[in-house]
Amino acid sequence: MRIPPRDAAAFAAAPLAPFAVALALVPVRADMSHTNAALVLVVAVVAVSALGNRCAGALAALSAAAWFDFFHTAPYQSLHITGRADIETAVLLLLVGLAVSQLAARARLLRVVALTDAGHLERLHETARFARFAASPDDVAERVRRQLVEVLELRACRFERGSLLGHPARLEQDGSVNVPDWVWDLERQGWPQGEIELRATSGGRYQGRFMMTPVPGAVAPPLESRLVAVTLAAQAGAALGDSAPVASRR
């Protein structure tokens, strides 16, 4: 499974950012209360969480608590804490860091969902408008083919009309994937190997299908993206509805 570059950067920063901040505060620790030092370390945890995900934020919180103990509690340069107040501050730093990391990661997720949903809506609207003024249904099918590559992050996609041949895996109307003689868990197993068909229908009649080739080893796109792909295929099917339909054989 590939890790997105942003998450990879966050995982790399999770142990290093709190260390760098804690080390930078060493020259002024005599003039700074332990509470203020802990608050500054929380800022580092928030930054890592906003960049990455919950796991990176949790790792940053653990790192912040450890380096706070190492650099800012007596005895210094040791993970041993003698003062009760220092123990309470370290524990609170860990708990606050974990809570803040969850909130920051949640905020990032909501922001991504909002932007993604807006992008999907705009894509569907533009395709529908293009279909109304397209010179031919084939132009609509070609536009949808290109859109599917982007929405599902495919390696390749082609459109074909005619009889249904073979028994490839199929992307269904509910966003699930049907593999003959197999119960396929898309979230856990990812895309199945080989081409995956997405049928373009109009009024329940088969008009053609998009044969999609995922990137090997790629994580399956979220359900929202798969449902957008199904809707795009339906727009192509509606545009092709005036042509002679070919009945499905399965």
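Cut-offs used in this document
- Every chain is numbered on its own, with residues counted from 1 as its sequence reads.
- Restriction of local features to residues with pLDDT of at least 70 applies here, the model being predicted, together with a cutoff of 80 or more for giving and counting side-chain atom pairs; totals for whole chains, interfaces and linings are based on all residues.
- Only hydrogens and water are set aside when side-chain values are computed; all heavy atoms of the structure are taken into account.
- Secondary structure is summarised from DSSP: a helix means a run of H or I of at least four residues, a strand means a run of E of at least two, and numbering begins at the N terminus for each.
- Only protein chains enter the accessibility calculation, which uses a 1.4 Å probe; a residue is then buried when its area is under 20% of its type maximum, exposed when over 50%, and partly exposed in between.
- Only the protein chains shown count as covering a residue, and every accessible area follows the Shrake-Rupley method with a 1.4 Å probe.
- We treat two strands as partners when DSSP finds at least two bridges between them.
- The method works on a 1 Å grid over the protein atoms by themselves. A cavity is a set of points holding a 1.4 Å probe that cannot get out, a pocket is an open set with protein on both sides within 12 Å along at least five of seven lines, and residues with an atom within 4 Å of a point line them.
- Grid points are joined across faces, edges and corners, and a volume is the space filled by probe spheres set on the points.
- Gly falls in the polar group here, along with every residue not listed as nonpolar (Ala, Val, Leu, Ile, Met, Phe, Trp, Tyr, Cys, Pro) or charged (Asp, Glu, Lys, Arg).
- Working rule for contacts: check all heavy atoms of both residues, and any pair within 4.5 Å makes them a contact.
- Lines fitted to C-alpha atoms define the axes here, with helix axes fitted over just the stretch in contact, and angles between the N-to-C directions of these axes take values from 0 to 180 degrees.
- Per-residue confidence from the predictor is given as pLDDT, running between 0 and 100.

### Quick word on the overall build of the protein
The number of helices and strands found in the protein is seven helices and five strands. In the protein, the succession of helices and strands from N to C terminus is α-α-α-α-α-β-β-β-α-β-β-α. Per-residue burial for the protein yields a buried fraction of 37% across its 250 residues. Counting every atom, the protein has about 13,600 Å² of accessible surface; 62% of that belongs to carbon and sulfur.

### Considering the pairing of strand S5 (residues 205-214)
Counting buried residues along S5, nine of its ten residues qualify, which places the element largely inside the surrounding structure. Here strand S1 (residues 154-160) pairs with S5 via six bridges, running antiparallel. Paired with Glu160 across the two strands is Arg209, which belongs to S5. Pairing of strand S4 (residues 196-202) with S5 involves seven bridges; the strand directions are antiparallel. Directly across from Arg199, in S5, lies its bridge partner Arg209.

### Things to note about empty space enclosed by the protein
Over the atoms a probe the size of a water molecule is rolled, and this reveals where empty space is left. Applying the stated criterion across every chain, the model contains one cavity of 30 Å³ or more. Its boundaries defined by the atoms lining it, the largest cavity holds a volume of some 40 Å³. Considering the residues around the largest cavity, the lining is formed by Leu152, Glu153, Leu154, Trp191, Pro214, Val215, Ala218, Val219 and Pro221. Residue composition of the lining of the largest cavity, grouped by class: eight nonpolar, no polar and one charged.

### Let's talk about the environment of Glu172
Structurally, Glu172 is set in the loop between strand S2 (169-171) and strand S3 (177-178). Not counting residues within four places of it along the chain, the set of residues in contact with Glu172 comprises Asn178 and Val230.

### A look at the sheet that holds S4
Ordered by their spatial adjacency, five strands build an open sheet running S1-S5-S4-S2-S3, and the pairing between neighbours is mixed. Unpaired on one side and paired on the other, S1 and S3 mark the two borders of the sheet. Relative to the sheet, helix H7 (residues 223-239) contacts S2, S4 and S5, its axis offset from that of S4 by approximately 45 degrees.

### With respect to the confidence of the model for the protein
With 88% of its residues at a pLDDT of 70 or more, the protein has an overall mean of 82. Mean pLDDT across the secondary structure elements of the protein bottoms out at helix H4 (residues 84-133), with 72, and peaks at S1, with 93. Ignoring residues within four places in sequence, the model shows residues 244-250, a span with pLDDT below 50, making 18 contacts including any to other chains.

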